[in-house]
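# Examining the three-dimensional arrangement
Now for the letters of each chain:
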Amino acid sequence: APIRLPGAWGAARRAASADESGYVASLDMAKLRVAGELRTRWADARTGVARAAVAGRRAAAANALADDVQRRVGAGEMARAERNQASAAARLAEAELQTARAEAAGALRSWQAYTGLEQLPEVAERPAAPDVEAPHPAVVSAAARSDSAAARARLASVERLGVPEVTLGMRRERPTSGVDYEDAILLGVRLPIGGFARQRASVAAARGEAAAAAGAVEQSRALVDAERANARSALEAAQAVERLAAERDALARETLQLYTRAFDLGEIDLATRLRVQNERYDAEFDLEIARIEHARAISAMNQATGVLP
């Protein structure tokens, strides 16, 4: 067993306490990494579900239009070529629907496998309170590693001349067969003599690790600040994109209503009607994606702040 020198016990306790704090910080970092993966999988799954939903409405509208054109062809109001055009558009919409459903199912399976949850939460995350400025787990973890390295450097400095050791043991033996065993208690003390150069090298290495760990704390703070700034900019952009997508969707809906009435009155051809309908569902899909990206940006902001979902 080592014999602690004056000041060594306190340095050892500080090193153990720093190691404990580092372990707790590493758990927080692990939770945050899991949270980031969870947020990514949620957004991917919501994107797949939204794509499938819009594709379903697009296919339903295309089939309804194809049925209307078929009725008009039967009444002699439209040509068979236009019926073929409407039917082809309906088949294309159905194919896109099947692809979207497959992608959504894959994203949902990935979510279920990672979380064990059957249902995908529909409610998006809320932004963290603006006054939440708790230390980021990455910075806390780096600071804990720095404290641990510094404590070990102090311990190495205290024990720079080496550590005496005491040995306690027992020997049981007999000189020849048939003679009783003899017991002996052994007490030994080992003192470090020489080897000072090696101890100085150990102290220098410990101090170097402490200096590197202290530098990593500043680097971690800089990286966290940059990540927060990037997340804040992305969130502002996502809010603007969602607002513009909502305006475009409203205009596309109104335009489709006008062109549908014009098509029913025979004022526009089928090709124009199909183009406007596709633009309307493209705008709806872009709006759904913009909403999801806005939610993803909120999650990224919370992730950069170190807030768990």
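Placed above this text is the structure.
Let me begin by describing the structure that accompanies this report.

The rules behind each value
- Residues numbered from 1 in each chain as written.
- Predicted model: local features only at pLDDT ≥ 70, side-chain atom pairs only at ≥ 80, totals over all residues.
- Heavy atoms only, no water.
- Helix = DSSP H or I, 4+ residues; strand = E, 2+ residues; numbered from the N terminus.
- Rg over C-alpha atoms; globule rule 2.2 N^0.38 Å.
- Buried < 20%, exposed > 50% of the residue type's maximum accessible area, 1.4 Å probe, protein only.
- Contact = heavy atoms within 4.5 Å.
- Areas by Shrake-Rupley, 256 points an atom, 1.4 Å probe, with all protein chains shown as cover.
- Lys, Arg positive; Asp, Glu negative; His and termini not counted.
- Charge placed at Lys NZ, Arg CZ, Asp CG, Glu CD.
- Salt bridge = Lys/Arg side-chain N within 4 Å of Asp/Glu carboxyl O.
- Polar contact = N/O pair within 3.5 Å; in protein donor to acceptor, adjacent residues only side chain to side chain.
- Axes fitted to C-alpha atoms, helices over the stretch in contact; angles between N-to-C directions.
- Parallel < 35°, antiparallel > 145°, perpendicular 65-115°, else oblique.
- Left-handed = near helix turned anticlockwise from the far one by under 90°.
- Core = buried A, V, L, I, M, F, W, Y, C linked by side-chain atoms within 4.5 Å.

From N to C terminus, the protein includes five helices and two strands. Going from N to C terminus, the protein has its helices and strands arranged as α-α-α-β-β-α-α. Against the globule reference of 19 Å for 309 residues, the protein gives a C-alpha radius of gyration of 36 Å, more extended than a compact globule. C-alpha atoms of the protein, sized along the principal axes, occupy 120 × 55 × 30 Å. Looking at the protein as a whole, 34% of its 309 residues qualify as buried. Sequence separation of at least 24 residues holds for 81% of the intrachain contacts in the protein that already meet a minimum separation of 6. Total accessible area computed for the protein in this model is approximately 18600 Å², and 56% of it derives from carbon and sulfur atoms. Charged side chains of the protein number 42 positive and 42 negative; the gap between the two group centres comes to 5 Å.

Here the focus is the pattern of salt bridges. Inspection of the entire model under this criterion finds 19 salt bridges. Residue D44 pairs with R296 through a salt bridge whose shortest N-O separation is 3.3 Å. A residue pair is termed long-range when its members are at least 10 positions apart, and D44 in helix α1 (residues 8-74) and R296 in helix α5 (residues 270-305) qualify at 252 residues. Using a relative accessible area of 37% as the deciding quantity, one classes D44 as partly exposed. Here the salt bridges do not stand alone but share partners, grouping D68, R71, R72 and D264 into one network.

The subject of this paragraph is the side chain of T272. Within the secondary structure, T272 is located in helix α5. A distance of 2.6 Å separates polar atoms of two side chains, one belonging to T272 and the other to D269.

Take the packing of α1 against helix α3 (residues 137-158) next. Where α1 contacts α3, the two axes come as close as 8 Å, and the packing angle between them is 160°. The angle between α1 and α3 places the two elements in the roughly antiparallel class. The handedness of the crossing between α1 and α3 comes out as left-handed.

This part takes up the nonpolar core. L65, V69, M78, A86, F263 and L270 are the most contacted members of the largest nonpolar core, which has 18 residues in total. Only α1, α2 (80-115) and α5 provide two or more residues apiece to this core. It is α1 that provides the largest number of residues to this core, a total of eight residues. The contact partners of M78, leaving out residues within four places of it in the chain, are V69, R72, V73, F263 and L270.

The next subject is the environment of A149. Tracing the sequence through the fold places A149 in helix α3. Note: C-alpha distance between A149 and D44 (105 residues apart in sequence) is 40 Å. Excluding its chain neighbours within four sequence positions, the residues that come into contact with A149 are A206, E209, A210 and A213.

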